[in-house]
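Here is what each chain is made of, one letter per residue.
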Amino acid sequence: MPTGAVPLRQLDPHAVDELTDTAHKILAEFGSSAARPELLRRIAESTARFGETILHPCRPVDTDDGLYVLRGLPLEDSDVGPTPESWATAGDRAAAWDVILLLLATAMGHPIAWEGQQEGRFVHNIVPSPGHEAEQTGASSTVLLSPHTEDAFHPGRAHLLLLACMRNHDAVATTAASVRKVRLDPADVALLSRPMLPILPDDAYAEAQSFTGEEPPKVPALWQTEAGPTLRYDPAYTPLDEAPADYRAAYDRLTAELERVSVAVALEPGDILVVDNDLVVHGRVPFKPRYDGTDRWLKRASVRVPGRRSRPLAEADEHGYGQAALVALV
Ligand SMILES: [Fe+2]
């Protein structure tokens, strides 16, 4: 897998000062980063006062890479405390970063959360957890986390994902592959643009997995927009054996192409990787967990961008397996 050059957007010292000062003030005022409505409202008020020094680096992705790294926010290893053992015990650890992420997410769109994931938190902690090593979720470690669209099963999934690195001593790489870089022949594109198979809820959504309502909706893997193709892809949760052989072959060629164009990004502390979830599938290479408080630790925020037209209109009729996205009131 080649390591490609990832577009870098450097935050200037004024932007860094404004973001960190605002985050610390909000945290001092509320005492916790738990995202209750008053905190989200305060964040929206602060974001509305941001100038171009912050807003310009937060503009939409503007290359076929479909992602960028925001760099420049300082992070001292000793300031964030030990890596939590699981998201459930993370509490307010590195809470200033929760607020920074919510400020940036609000500058880009509307932060979202899920009732059924990490207790409805707007910022998730991604850490390796004992007993979950081989899962296809962010708590895994020793297996490859296969490239996927985040929350691909749901029509309310994020348009953008923000992954902030708190700690990554072993330079564990996040992988990313853009649909705008793959080469497929028109027959494969036509086939993969048909709603052939469902995408089932992943292991991070226990409730959605036991949803017994209507039939799972069949969805297209590819979609053509004026700006180029977008994708919705999660092979680990797609029942590919139910598809005809020609569809499976086309899907395999898409998988091979995504592998060919995949880049590996070893995030550094303070880096924020911003991924366009309609263009890019992301994953993670396997690693050996330490379980000693020094493990890889990311924080994740999800963003919906109002007015975006990157998806089929038919998605609006999907049931989403009974899961509801919670959208920050802004
Ligand atoms: Fe993911």
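Report on the accompanying structure. Since the structure is predicted, the reported quantities are computational estimates derived from the model, not experimental observations.

**Notes on the packing of aromatic side chains**
To describe a pair of aromatic rings, you give the distance between the ring centres and the angle between the ring planes.
Line of reasoning, step 1. This structure, assessed with the given rule, holds 5 aromatic pairs.
Line of reasoning, step 2. A centroid spacing of 5.9 Å and a plane angle of 65 degrees characterise the contact between phenylalanine 153 and tyrosine 321, whose relative ring orientation is edge-to-face. A residue pair is termed long-range when its members are at least 10 positions apart, and phenylalanine 153 in the loop between β5 (145-148) and β6 (160-167) and tyrosine 321 in the loop between β13 (297-304) and β14 (325-327) qualify at 168 residues. Of the two residues, phenylalanine 153 and tyrosine 321, neither departs from the other in class, the shared state being buried.

**Focus on the nonpolar core**
Line of reasoning, step 1. If you look at the biggest cluster of nonpolar residues, it comprises 47 residues, and the most contacted ones within it are Leu104, Met108, Leu162 and Ile272.
Line of reasoning, step 2. Within the residue set of this core, elements represented by two or more residues are α1 (13-30), α2 (37-48), β2 (67-71), α4 (95-108), β6, β11 (272-276) and β13.
Line of reasoning, step 3. Top contributing element to this core by residue count: α4, with 11 residues.
Line of reasoning, step 4. Not counting the four nearest positions on each side in its chain, leucine 104 is found in contact with Leu19, Ile54, Cys58, Leu70, Leu162 and Ile272.
Line of reasoning, step 5. Ile112, Leu161, Leu279 and Leu298 belong to the second-largest nonpolar core, a separate cluster that totals 25 residues.

**Thoughts on the pairing of β11**
Line of reasoning, step 1. Within β11, 5 of the 5 residues are buried, leaving the element largely enclosed by the surrounding structure.
Line of reasoning, step 2. Burial of β11 is two-sided: the residues Ile272, Val274 and Asp276 facing one way and the residues Leu273 and Val275 facing the other way are all buried.
Line of reasoning, step 3. As paired strands, β2 and β11 are joined by 4 bridges and run antiparallel to one another. Bridging across to β11, tyrosine 68 finds its partner in valine 274.
Line of reasoning, step 4. Here β6 pairs with β11 via 5 bridges, running antiparallel. Across the sheet, leucine 163 pairs through a bridge with leucine 273, a residue of β11.

Basis of the calculations
- Residues numbered from 1 in each chain as written.
- Predicted model: local features only at pLDDT ≥ 70, side-chain atom pairs only at ≥ 80, totals over all residues.
- Heavy atoms only, no water.
- Phe/Tyr/Trp six-rings, centres within 6.5 Å; stacked < 30°, edge-to-face > 60°.
- Helix = DSSP H or I, 4+ residues; strand = E, 2+ residues; numbered from the N terminus.
- Buried < 20%, exposed > 50% of the residue type's maximum accessible area, 1.4 Å probe, protein only.
- Core = buried A, V, L, I, M, F, W, Y, C linked by side-chain atoms within 4.5 Å.
- Contact = heavy atoms within 4.5 Å.
- Pairing = 2+ DSSP bridges.

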